[in-house]
Amino acid sequence: FVKIFAFMLAVVGIYAWVGQLLPQFEEHPPKKRVISVQTPADELVAIGQELARGKGGCLVCHKDAETGNVRGPDLRQAGPKAGTRKPGMSAGDYLLESLLKPGEYLVPGFPNMMPPANKPPANLSMAEVKAIIAYLQTLGSAEVTVRILPEDIQAAKSAGPVHKGKEAMGTYGC
């Protein structure tokens, strides 16, 4: 029994020693960023960039750097060009329409294949859509003019269940 116990301690000791030699990595979930009426423009731009690259899925078809996808229009000059796309429409209004109703105006040479940003698969809230607009306005050195309104925040809070599965789970106590 003593020999077995000593052998077990030696094996555990060797594994512990080897484990200390290996680099240790710790991964944390991303910080939850809250968008509010008081969110400063630079933070709103940073949130918008995260959303465009992640949840929004914008870079699946567009590019915002030298390399990237070209299925959709290049976003690197989105800020300055947005104000010239539709006569009489401001850059912010055009970008908002482009994200919520992408088929209203198509950039020549590109098909109508973009889903509305506030519907699945992206399913962004109005505040998140405006954060992406803030990011797009900075591409090409345009000024950030978009503002988060109290109704944008309220709409996100009162949206309720997004998917039928989530609604069923709440209804039937799954």
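Use the structure listed above.
Residues numbered from 1 in each chain as written. Predicted model: local features only at pLDDT ≥ 70, side-chain atom pairs only at ≥ 80, totals over all residues. Heavy atoms only, no water.

### Re helix H2 (residues 41-53)
So, step 1. For H2, built from 13 residues, the straight-helix expectation of 18 Å at 1.5 Å per residue is met to within 8% by its first-to-last C-alpha distance of 18 Å.
So, step 2. Looking only at H2, the buried set comprises Leu44, Val45, Ile47, Gly48, Leu51 and Ala52. Taken around the axis of H2, the buried residues stretch over an arc of 165°, which confines them to a single face.
So, step 3. Where H2 is buried, its residues contact helix H5 (126-138). (Helix = DSSP H or I, 4+ residues; strand = E, 2+ residues; numbered from the N terminus. Expected span 1.5 Å × (residues − 1). Buried < 20%, exposed > 50% of the residue type's maximum accessible area, 1.4 Å probe, protein only. Arc of directions from axis to C-beta. Contact = heavy atoms within 4.5 Å.)

### Some details on the packing of helix H4 (residues 91-100) against H5
So, step 1. Running from N to C, H4 and H5 cross one another at 125°; their axes reach a closest spacing of 10 Å. Compared by their axis directions, H4 and H5 come out oblique. The two elements H4 and H5 cross, and the hand of that crossing is right-handed. Judged by residue contacts, Gly92, Leu95, Leu96, Leu99 and Leu100 of H4 engage Met126, Val129, Ile132, Ile133, Leu136 and Gln137 from H5. (Axes fitted to C-alpha atoms, helices over the stretch in contact; angles between N-to-C directions. Parallel < 35°, antiparallel > 145°, perpendicular 65-115°, else oblique. Left-handed = near helix turned anticlockwise from the far one by under 90°.)

### Concerning the environment of arginine 33
So, step 1. In this fold, arginine 33 is placed in the loop between helix H1 (2-21) and H2.
So, step 2. Filtering out sequence-adjacent residues up to four positions away, arginine 33 remains in contact with Ala46, Ile47 and Glu50.
So, step 3. Within the structure, arginine 33 has its side chain in polar contact with the side chain of glutamate 50 (distance 2.9 Å). (Polar contact = N/O pair within 3.5 Å; in protein donor to acceptor, adjacent residues only side chain to side chain.)

### Quick word on the pattern of salt bridges
Side-chain pairs of opposite charge can arise whenever the charged atoms involved come near each other.
So, step 1. Going through the model one piece at a time under the given rule, you end up with seven salt bridges.
So, step 2. The partner of aspartate 64 in a salt bridge is arginine 53, and the shortest N-O contact between them spans 3.0 Å. Taken together, the residues aspartate 64 in the loop between H2 and helix H3 (78-85) and arginine 53 in helix H2 connect sequence positions eleven residues apart.
So, step 3. Under the relative-accessibility criterion, aspartate 64 is labelled buried at 11%.
So, step 4. Measuring nitrogen to oxygen at the nearest pair gives 2.8 Å for the salt bridge that ties lysine 86 to glutamate 97. Taken as a pair, lysine 86 in the loop between H3 and H4 and glutamate 97 in helix H4 lie far apart in primary sequence, eleven residues in all.
So, step 5. Look at glutamate 97 and you get buried, because its relative accessible area is 16%.
So, step 6. What you see here is one network of salt bridges that share partners, running through Glu66, Asp74 and Arg76. (Salt bridge = Lys/Arg side-chain N within 4 Å of Asp/Glu carboxyl O.)

### Examining a nonpolar patch on the surface
So, step 1. Side chains of Phe1, Val2, Phe5, Met8, Leu9 and Val12 sit close together on the surface and give an oily, nonpolar patch of about 690 Å² of accessible area.
So, step 2. Topologically, leucine 9 is positioned in helix H1. (Patch = residues over 30% accessible without salt bridge, like charges linked within 9 Å, V, L, I, M, F, W, Y side chains within 5 Å. Areas by Shrake-Rupley, 256 points an atom, 1.4 Å probe, with all protein chains shown as cover.)

### Some remarks on H4
So, step 1. Among the ten residues that make up H4, seven are buried, leaving the element largely enclosed by the rest of the structure.
So, step 2. Turning to H4, its buried residues are Gly92, Tyr94, Leu95, Glu97, Ser98, Leu99 and Leu100.
So, step 3. On the buried face of H4, the contacting elements are H3 and H5.

### Overview of the nonpolar core
So, step 1. Counting residues in each nonpolar core, the largest one holds 31 residues, and the members touching the most others are Ile35, Leu44, Leu124, Val129, Ile132 and Leu136.
So, step 2. Listing elements by their share of this core, those giving two or more residues are H2, H3, H4 and H5.
So, step 3. Take this core: its biggest share by element is eight residues, from H5.
So, step 4. Residues within four places of leucine 136 in sequence aside, it is in contact with Leu75, Ala78, Gly79 and Leu95. (Core = buried A, V, L, I, M, F, W, Y, C linked by side-chain atoms within 4.5 Å.)

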